[in-house]
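Chain by chain, the residues run as shown.
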Amino acid sequence: AAKGAGRNRVRVFHPDLRWAVEQKVLVAGELREAIETGQLVLHYQPIQHLLSGEVSGAEALVRWQHPERGLVMPGDFIPVAEQNGLVVPLTRWVLQEATRQTAAWERAGVPMVTAVNISAAHFGTGTLVADVHDALAASGLAPERLVLELTETSVAEDPVRAAAQFAQLRVTGVEVSIDDFGSGFSSLSQLVSIPAGILKLDRSLVAGTETRRSESAAAIAAVVGLATACGMRSLAEGVETADQLTLVRELGCTFAQGHHIARPMPAADLLSYLEGRRLTGRRPVRLRIG
Ligand code: C2E
Ligand code: MG
Ligand code: MG
Ligand code: MG
């Protein structure tokens, strides 16, 4: 790669770094094709409403069914897609597919609320509101059945712009949630300026209860209190044990998500998962969240 001269010369000399750059170019080219040829799939992870115990919705999580490498996880291609702009067409596809699937579940008598992850890079393009609108129009899904998740760090990058876009999105009727809260360093003053309806506590807060239980419980309680005071509902992610589920319920979280409840699964498995819950006496679906 470090051959040739002039403006297009690739200025990479360290072998590891060069390998990393070549990987990125490779992923970028292949990913473009993957979006166009339908190699992306969504898995859905159930979200439990803690007061009722019912599954109220799911988070859509993208995977890449790669012809040679098998199922590739988002951590291995979303960061590249965010750098080269492919995350915008990727997210358009995710929005279209997740709303189509949620509308299909609704027709099958299973009214889910589905959350889709949005990248900060999408904010800058100015097409986010139109992309969301298009997906709702194409699927016929009611906007109340769609949640958009934005990370705390993406909000921190440009809080004024983020607040304006959140406000525009909420006008369309979709719910907005702040993802991975407690993992970054965004300020509380920024948080209160963002018109979001749900605050997702980063799984590191929940995981901390294993080693520093009382301090972590205090941190979770503080965040839940803040969310409640701001009129937001709270969701604990990364709940991996029965003990953690009990704890976040007692600390007043509205929702929980994690391996202890269910792992992300293909859309085709969700109905049988819900049926299994029904057969074991747990009510499968709560019509309205809140
Ligand atoms: P996230 O939005 O915070 O999603 C939650 C991640 O935590 C998922 O990883 C999920 O599988 C994992 N998880 C769920 N429960 C547990 C648990 O109990 N323990 C542990 N250790 N992990 C748990 P996944 O699917 O690998 O996704 C990773 C990240 O990739 C997501 O984090 C999100 O930031 C991003 N991502 C996923 N799908 C999309 C997408 O469609 N668009 C964009 N822009 N980003 C996406
Ligand atoms: Mg998320
Ligand atoms: Mg998260
Ligand atoms: Mg997270």
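Residues numbered from 1 in each chain as written. Chains lettered and ligands numbered in written order. Predicted model: local features only at pLDDT ≥ 70, side-chain atom pairs only at ≥ 80, totals over all residues. Heavy atoms only, no water.

- Looking at an unreviewed UniProt entry, the protein carries the name Diguanylate cyclase (GGDEF) with PAS domain, with the source organism given as Modestobacter italicus.

Quick notes on unusual backbone geometry
Then comes step 1: The residue Asp180 is not glycine, and still its phi comes out positive at about 55°.
Then comes step 2: Secondary-structure assignment places Asp180 in strand 6 (residues 175–181). (Helix = DSSP H or I, 4+ residues; strand = E, 2+ residues; numbered from the N terminus.)

Let's talk about the packing of helix 3 (residues 87–107) against helix 5 (residues 128–139)
Then comes step 1: Running from N to C, helix 3 and helix 5 point in directions that differ by 30°, and their axes come no closer than 9 Å. The angle between helix 3 and helix 5 places the two elements in the roughly parallel class. At the point where helix 3 passes helix 5, the crossing takes the right-handed sense. On the side of helix 3, the interface is formed by Val88, Arg92, Leu95, Gln96, Thr99, Arg100 and Ala103, while helix 5 contributes Asp131, Val132, Asp134, Ala135, Leu136, Ala138 and Ser139.
Then comes step 2: Broken down by class, the residue content of the contact of helix 3 with helix 5 amounts to seven nonpolar, three polar and four charged. (Axes fitted to C-alpha atoms, helices over the stretch in contact; angles between N-to-C directions. Parallel < 35°, antiparallel > 145°, perpendicular 65-115°, else oblique. Left-handed = near helix turned anticlockwise from the far one by under 90°. Contact = heavy atoms within 4.5 Å. Nonpolar A, V, L, I, M, F, W, Y, C, P; charged D, E, K, R; others polar.)

Structural notes on the site of ligand 1
Then comes step 1: Around ligand 1 sit 22 residues, and of these Arg63, Asn117, Asp179, Glu240 and His259 come closest.
Then comes step 2: Between ligand 1 and Ser119, the relevant distance is 3.0 Å, taken from a nitrogen atom to a side-chain nitrogen or oxygen of the residue.
Then comes step 3: If ligand 1 stood free it would expose 800 Å²; the protein chains cover 83% of that surface.
Then comes step 4: Its atoms largely coinciding with the cavity grid, ligand 1 occupies the largest pocket.
Then comes step 5: Contributing elements (two or more residues each) for the shell around ligand 1: strand 2 (55–66) and strand 6.
Then comes step 6: Ranked by residue count, the leading element in the shell around ligand 1 is strand 2, at four residues.
Then comes step 7: Within the shell around ligand 1, the residues separate by chemical class into eight nonpolar, six polar and eight charged. (Near = heavy atom within 4 Å. Polar contact = N/O pair within 3.5 Å; in protein donor to acceptor, adjacent residues only side chain to side chain. Areas by Shrake-Rupley, 256 points an atom, 1.4 Å probe, with all protein chains shown as cover. 1 Å grid on protein atoms, 1.4 Å probe; cavity = no way out; pocket = protein on both sides within 12 Å on 5 of 7 lines; lining within 4 Å. Sits in = over half its atoms within 2 Å of the grid points.)

A short note on the coordination of the magnesium ion (ligand 2)
Then comes step 1: Protein coordination at the magnesium ion (ligand 2) comes from Glu59 (OE), Asn117 (OD1), Glu149 (OE) and Asp179 (OD), with a distance range of 2.0 to 2.2 Å.
Then comes step 2: Sequence spacing of the donors to the magnesium ion (ligand 2): E-x57-N-x31-E-x29-D.
Then comes step 3: Between the magnesium ion (ligand 2) and the magnesium ion (ligand 3), a separation of 3.6 Å is found, and both are coordinated by Asp179. Placement of Asn117 in strand 4 (residues 113–117) and of Glu149 in strand 5 (residues 146–151) is noted, with a sequence separation of 32 residues between them.
Then comes step 4: With relative accessibility at 3%, the residue Glu149 sits in the buried group. (Donors = N, O, S within 2.8 Å, 3.2 Å for Na, K, Ca; no water. Buried < 20%, exposed > 50% of the residue type's maximum accessible area, 1.4 Å probe, protein only.)

Description of the coordination of the magnesium ion (ligand 4)
Then comes step 1: Distances from the magnesium ion (ligand 4) to its protein donors, Asp180 (OD) and Glu237 (OE), fall within 2.3 to 2.7 Å.
Then comes step 2: Separating the magnesium ion (ligand 4) from the magnesium ion (ligand 3) is a gap of 2.9 Å, bridged by Asp180, which donates to each. With Asp180 in strand 6 and Glu237 in the loop between strand 8 (233–236) and helix 11 (242–250), this pair connects stretches of sequence that are 57 residues apart.

Remarks on the environment of Thr151
Then comes step 1: With respect to the secondary-structure elements, Thr151 resides in strand 5.
Then comes step 2: Relative accessible area serves as the criterion here: at 22%, Thr151 is assigned to the partly exposed category.
Then comes step 3: Distance in space between the C-alpha atoms of Thr151 and Ala120 is 7.9 Å, their sequence separation being 31 residues.
Then comes step 4: The contact partners of Thr151, leaving out residues within four places of it in the chain, are Ile178, Asp179 and Asp180.

With respect to the nonpolar core
For soluble globular proteins, nonpolar side chains are generally found buried alongside one another.
Then comes step 1: Of all hydrophobic cores here, the largest spans 75 residues; its most connected members are Leu31, Phe77 and Phe166.
Then comes step 2: Of the residues forming this core, the biggest block, eight residues, is contributed by helix 3.
Then comes step 3: Ignoring sequence-local partners within four residues, the contact set of Phe77 consists of Val27, Leu31, Leu40, Val62, Arg63, Trp64, Val72 and Leu90.
Then comes step 4: Counting seven residues, the second largest nonpolar core, distinct from the first, contains Val113, Ala115, Leu235 and Phe255. (Core = buried A, V, L, I, M, F, W, Y, C linked by side-chain atoms within 4.5 Å.)

Here's the deal with helix 11
Then comes step 1: Inspection of helix 11 places Gln244, Leu245, Leu247 and Val248 among the buried residues, and these make up the whole buried set. Within helix 11, the buried residues cover an arc of 165° as seen down the axis, which keeps them to one side.
Then comes step 2: At its buried positions, helix 11 is contacted by strand 1 (40–49), helix 9 (203–207), helix 10 (213–229), strand 8 and strand 9 (255–256).
Then comes step 3: Directly after helix 11, the chain includes Gly252, whose backbone phi takes a positive value near 95°. (Arc of directions from axis to C-beta.)

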